[in-house]
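Fold and geometry: a report
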There are 2 protein chains.
Amino acid sequence: MVPRIVVDVMGGDDAPSVVIEGIIAATHADQDLHVIAVGLPDAISALEEVSRVTCVGASQVIAMDEHPAGAIRTKKDSSIMVGCKLVKAGDAQGFFSAGSTGAVMAAATLGIGRLKGVSRPVLATVLPAINKPVILGDIGANADCKPEYLVQFALMMQAYASSVLQVSLPQVRLLNIGSEDTKGSQFAQECFALLSEHVPQFAGNIEGKEILDSQTDVIVTDGFTGNVALKTIEGTSKVVLSQVKSALTANLMSKLFAAPLSGQVKKLKAQMDPDQFGGAPLLGVKGVVVIGHGSSGSVAIANGIRVTATAIRNELTNKIAASL
Amino acid sequence: MVPRIVVDVMGGDDAPSVVIEGIIAATHADQDLHVIAVGLPDAISALEEVSRVTCVGASQVIAMDEHPAGAIRTKKDSSIMVGCKLVKAGDAQGFFSAGSTGAVMAAATLGIGRLKGVSRPVLATVLPAINKPVILGDIGANADCKPEYLVQFALMMQAYASSVLQVSLPQVRLLNIGSEDTKGSQFAQECFALLSEHVPQFAGNIEGKEILDSQTDVIVTDGFTGNVALKTIEGTSKVVLSQVKSALTANLMSKLFAAPLSGQVKKLKAQMDPDQFGGAPLLGVKGVVVIGHGSSGSVAIANGIRVTATAIRNELTNKIAASL
């Protein structure tokens with residue numbers, strides 16, 4: 001399948017410049033890719049001469065800090081809403097935006113629509129765990145969940161792992177506060193029972209300390225717990241790496257020894273950076289939707305477009321529909 | 001107040017040897033301290049000649065992996081149960097154990113009893129955040145909470161911060177998935193409203209990424225979320241530090257440069273180690289109860305006893321009773 005992807009030129013802290021660079025890099029790297037660039041006329045004009053890029057104007061922009069539901073209701077001609085409508089109309093199979101996560105989720109759910117049978121879409125992310133990438137979700141689309149939602153989340157994330165990450169029979173675990181079946185809140189125990197019954201390759205609970213160091217492929221949780229866990233990983237990595245940096249440059253002697261190592265630490269920091277994975281897929285809507293980090297640079301944008309293209313080529317949407 | 005502390009000689013992965021060493025170190029460092037050492041006769045005999053140590057026999061031991069409720073019901077003569085009864089009887093003002101967290105919580109709640117007006121005791125921990133220590137709780141005593149419990153947790157942790165960490169007017173924040181008032185699950189929003197109403201110095205939400213890098217003193221959450229956050233911090237620190245170590249020793253060249261720095265990284269690892277803070281206080285019972293990490297060595301045991309003594313000297317139990 002030749003991927004046609006709508007890209008939100010206005011999305012992200014450094015939009016539109018880094019998004020324009022990312023689109024150019026992505027279409028250059030992938031000679032089959034078609035991009036529909038949506039944004040303010042002034043912004044998209046830079047892309048008019050680029051081959052395999054079509055420009056579509058939008059007269060409004062949803063800012064990162066706007067209230068999502070309010071913004072998508074009042075800004076019907078925003079780049080996010082126009083982009084979702086293009087997917088809905090069948091002009092493209094996917095949408096990538098580094099804009100407001102809440103606004104993209106709301107616009108995709110309302111504007112593109114959920115797949116048949118999906119109660120709630122799940123926002124997932126691929127974490128750079130030690131042994132292999134691990135998919136964690138929900139990371140914030142649904143702060144309040146019913147246990148049956150988690151069964152769907154798990155099945156959709158399994159479909160993502162097998163189609164995009166090429167994992168056969170992806171193993172699923174439930175984020176919980178102990179390894180035994182009987183551990184956790186009432187909610188977690190109900191999820192455990194339903195997952196055991198309905199999810200092939202469900203392998204039990206996983207604790208917070210094992211998220212980055214396990215043999216599992218998919219970790220399922222509600223959007224509140226997943227968001228806390230994800231942000232705690234980001235914050236802890238940042239703090240520990242900054243303390244390593246201070247320790248290495250504590251005095252002149254260690255500074256001398258450390259200088260040749262700072263490259264290694266930088267590499268590590270990049271490895272732990274979620275941007276390398278190009279964004280968080282929103283699974284369960286009628287199209288491939290990937291949301292990039294607000295702080296994305298052009299490389300992260302290009303990665304996000306590439307991930308969206310891979311998902312389209314691997315017919316992710318059909319596979320998710322079939323998984324339920 | 002002269003502190004009299006019951007210490008569970010059988011608690012911890014390396015008990016009784018490290019506990020015995022920890023008791024000797026603690027009584028040596030603090031010339032006013034009295035310890036009541038509880039354990040199997042064979043184990044405690046090593047302490048019989050130590051000054052300011054009284055030995056009390058117990059015929060049973062609760063293993064780390066036993067089901068807590070079952071264990072405290074069937075093992076009434078275990079070191080944990082005997083220890084709690086000594087506090088209940090007024091023979092000591094505090095109890096320290098590095099044994100099963102679940103068993104100590106259950107034994108303390110049932111055996112020593114809750115302070116008047118306390119719905120649920122809260123298990124807290126002191127985290128080595130960048131700017132200053134921060135108290136996080138509940139970290140696992142109550143997987144299911146009502147919003148009103150979090151108000152009590154916050155008030156009790158404030159009392160701990162001001163009496164043991166000597167913070168005046170400790171600031172409290174709610175662990176949530178966004179900084180605005182309207183963010184979070186239904187439960188988090190209800191907690192936000194109650195905390196705003198009833199907790200002085202409540203300063204709003206805090207996200208997972210800021211736990212180790214904030215200006216706050218107390219972070220309040222339910223026991224499920226708190227346990228996930230705490231274990232995610234532990235796991236992430238461990239993974240990042242081990243990756244730093246591999247990066248530093250990736251090749252002969254960097255190995256040569258890194259050798260003098262491994263001490264710095266080790267120091268950092270120790271700094272991130274919760275053992276340095278001597279354990280997690282269980283707040284809301286009629287006595288000072290501190291639970292050490294199962295992997296505690298003798299230094300961590302001595303620290304835990306010291307923390308228990310400080311809390312007794314500062315009349316923590318009375319202050320918690322007065323805070324509600």
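Below: a short report on this structure. (Residues numbered from 1 in each chain as written. Chains lettered and ligands numbered in written order. Predicted model: local features only at pLDDT ≥ 70, side-chain atom pairs only at ≥ 80, totals over all residues. Heavy atoms only, no water.)

**Regarding the pairing of strand β10 (residues 280-283) of chain B**
All names here are of chain B.
- Alternating residues of β10 divide into Ala 280 and Leu 282 and Pro 281 and Leu 283, and every residue in both groups is buried.
- Pairing between strand β5 (residues 122-127) and β10: two bridges, direction antiparallel. The partner of Val 122 across the bridge, within β10, is Leu 283.
- As judged from the three bridges shared by β10 and strand β11 (residues 288-291), these two strands associate in the antiparallel manner. Among the inter-strand pairings, Ala 280 is bridged to a residue of β11, identified as Ile 291.
- Count of turn residues in the β10/β11 antiparallel hairpin: four residues, of which Gly 284 carries a positive phi of about 115 degrees. (Buried < 20%, exposed > 50% of the residue type's maximum accessible area, 1.4 Å probe, protein only. Helix = DSSP H or I, 4+ residues; strand = E, 2+ residues; numbered from the N terminus. Pairing = 2+ DSSP bridges.)

**Brief notes about the sheet that holds strand β10 (residues 280-283) of chain A**
All names here are of chain A.
- Strand order across the open sheet formed by 11 strands is β3-β2-β1-β4-β11-β10-β5-β6-β9-β7-β8, with mixed pairing between neighbours. A single partner strand is all that each edge strand has here, and the edge strands are β3 (53-57) and β8 (202-206). Across this sheet, the average inter-strand angle for adjacent strands is 25 degrees, counted without regard to direction.
- As paired elements, strand β1 (residues 4-8) and strand β2 (residues 34-39) share five bridges and run parallel to each other. Each residue of the ladder has a partner; that of Ile 5, found in β2, is Val 35.
- Sheet contacts for helix α6 (residues 147-163): β5 (122-127), β6 (134-137), β7 (172-175), β9 (218-220) and β10; angle to β9, the most-contacted strand, approximately 160 degrees. (Axes fitted to C-alpha atoms, helices over the stretch in contact; angles between N-to-C directions. Contact = heavy atoms within 4.5 Å.)

**Some thoughts on the side chain of Asp 30 of chain B**
Residues and elements named next belong to chain B.
- By the secondary structure assignment, Asp 30 is in the loop between α1 (17-29) and β2 (34-39).
- Assessed through its relative accessible area of 18%, Asp 30 is described here as buried.
- Other than its neighbours up to four places away in sequence, Asp 30 contacts Arg 52, Ala 309 and Arg 313.

**As for the packing of helix α4 (residues 79-88) of chain A against helix α5 (residues 101-112) of chain A**
Residues and elements named next belong to chain A.
- With their axes 9 Å apart at the nearest point, α4 and α5 run at an angle of 35 degrees to one another. Between α4 and α5 the crossing geometry is right-handed. Only Ala 103, Val 104, Ala 107, Ala 108, Gly 111 and Ile 112 of α5 make contact with α4, whose side of the interface consists of Ile 80, Met 81, Cys 84, Val 87 and Lys 88.
- Across the contact of α4 with α5, the residue classes tally to nine nonpolar, one polar and one charged. (Left-handed = near helix turned anticlockwise from the far one by under 90°. Nonpolar A, V, L, I, M, F, W, Y, C, P; charged D, E, K, R; others polar.)

Read these as geometric descriptors, not functional statements.
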